[in-house]
Amino acid sequence: MLAYFLFAITAVTGVLAAGPVELEPAFTLRVGIENPIPIGPVIQGYGMSYTVGRNGTIVSAPGAAVSVNATIIAANDIIHADPGSGRLRLNVHGVARTTSGTIFQFGYTGIATPNEEFNKVLSHAPDAKSNEFGAIVSHHTFEIPVAAPELAGLNNNLFVSAGRLLYNPDRSITVEYVASKVLTGK
Ligand SMILES: *[C@@H]1O[C@H](CO)[C@@H](O)[C@H](O)[C@H]1NC(C)=O
Ligand SMILES: *[C@@H]1O[C@H](CO)[C@@H](O)[C@H](O)[C@H]1NC(C)=O
């Protein structure tokens with residue numbers, strides 16, 4: 001009965017249609033990647049490849065609840081390719097160091113749905129150029145040392161982002177994620 005009333009109220013106000021979740025700007029993560037190393041189809045049937053993230057930054061949005069300015073020390077990505085669709089499942093782990101010397105773990109899982117522009121960057125095509133957002137969505141997590149309580153908010157919240165490939169003037173590839181914190185109950 002209660003559930004029915006809640007449904008009726010939210011249906012009238014439109015809250016149900018929009019959902020109870022809101023997003024707040026959190027940070028931008030940029031990681032420079034090496035060309036993926038193909039591992040090939042594995043026994044389970046999907047394709048796999050490996051990519052090293054060699055440099056990058058994690059910088060908070062102006063006014064974000066957690067202020068962070070960090071340099072990526074190292075990162076790696078085991079990529080699974082769905083058979084058939086070519087959709088890529090990203091699984092990244094890395095460590096970063098803040099300007100004040102705190103080292104923390106960051107990770108994310110993402111789904112990339114490659115389009116022509118995306119594939120041009122990955123294959124270093126002559127007419128490759130930085131992509132618009134749209135091909136990558138991701139979910140970011142952190143492990144923060146006890147000694148850095150000012151960063152605990154990264155550990156205690158969920159972050160989602162849209163990502164895209166940037167093609168740098170030196171023909172290197174940067175993956176850029178603009179992340180938001182998930183807010184509930186608003
Ligand atoms: C990483 O290094 C490359 C140079 O090889 C540079 O173009 C890029 O801007 C650097 N940073 C990021 C975040 O990719
Ligand atoms: C982050 O730190 C670097 C120095 O390591 C500095 O050049 C840059 O301006 C800082 N960015 C922000 C947004 O504070």
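Look up a bit, the structure's there.
How each quantity is defined
- Each chain has its residues counted from 1, running along the sequence as written.
- Here every chain gets a letter starting at A, and every ligand a number starting at 1, in the order they are written.
- Only residues with pLDDT of at least 70 are given local features in this predicted model, and only at 80 or more are side-chain atom pairs given and counted; all residues enter the totals for whole chains, interfaces and linings.
- Computation of side-chain values covers all heavy atoms of the structure but excludes hydrogens and water.
- Should a side-chain nitrogen of Lys or Arg be within 4 Å of a carboxyl oxygen of Asp or Glu, the pair is scored as a salt bridge.
- Exposure classes here rest on a 1.4 Å probe applied to the protein chains alone. A residue is buried below 20% of its type maximum, exposed above 50%, and partly exposed in between.
- Of the two site types, the cavity is a set of points on a 1 Å grid over the protein atoms alone where a 1.4 Å probe fits but cannot get out, and the pocket is an open set with protein on both sides within 12 Å along at least five of seven lines, each lined by residues with an atom within 4 Å of a point.
- Grid points are joined across faces, edges and corners, and a volume is the space filled by probe spheres set on the points.
- Numbering of helices and strands runs from the N terminus, with a helix taken as a DSSP run of H or I at least four residues long and a strand as a DSSP run of E at least two residues long.
- Charged residues are taken to be Asp, Glu, Lys and Arg, nonpolar residues to be Ala, Val, Leu, Ile, Met, Phe, Trp, Tyr, Cys and Pro, and polar residues to be all remaining types, Gly included.

Digging into the pattern of salt bridges
Then, number 1: Counted according to the given criterion, the structure contains seven salt bridges.
Then, number 2: Salt-bridge contacts for lysine 120 lead to aspartate 127; the nearest nitrogen and oxygen are separated by 2.8 Å.
Then, number 3: Aspartate 127 gets classed as partly exposed once you look at its relative accessible area, which sits at 44%.
Then, number 4: Overlapping salt bridges bring together Arg30, Arg164 and Glu176 as one network.

Side note on the layout of surface pockets
Then, number 1: By volume, the largest pocket is sized at about 310 Å³.
Then, number 2: Along the walls of the largest pocket sit 26 residues, with Ile33, Thr51, Asp77, Ile79 and Leu90 positioned nearest its centre.
Then, number 3: Listing elements by their share of the lining of the largest pocket, those giving two or more residues are strand E1 (22-33), strand E3 (47-60), strand E4 (69-81), strand E5 (88-98), strand E6 (103-112), helix H3 (116-122) and strand E9 (173-183).
Then, number 4: Of the residues belonging to the lining of the largest pocket, the class tally is 19 nonpolar, six polar and one charged.

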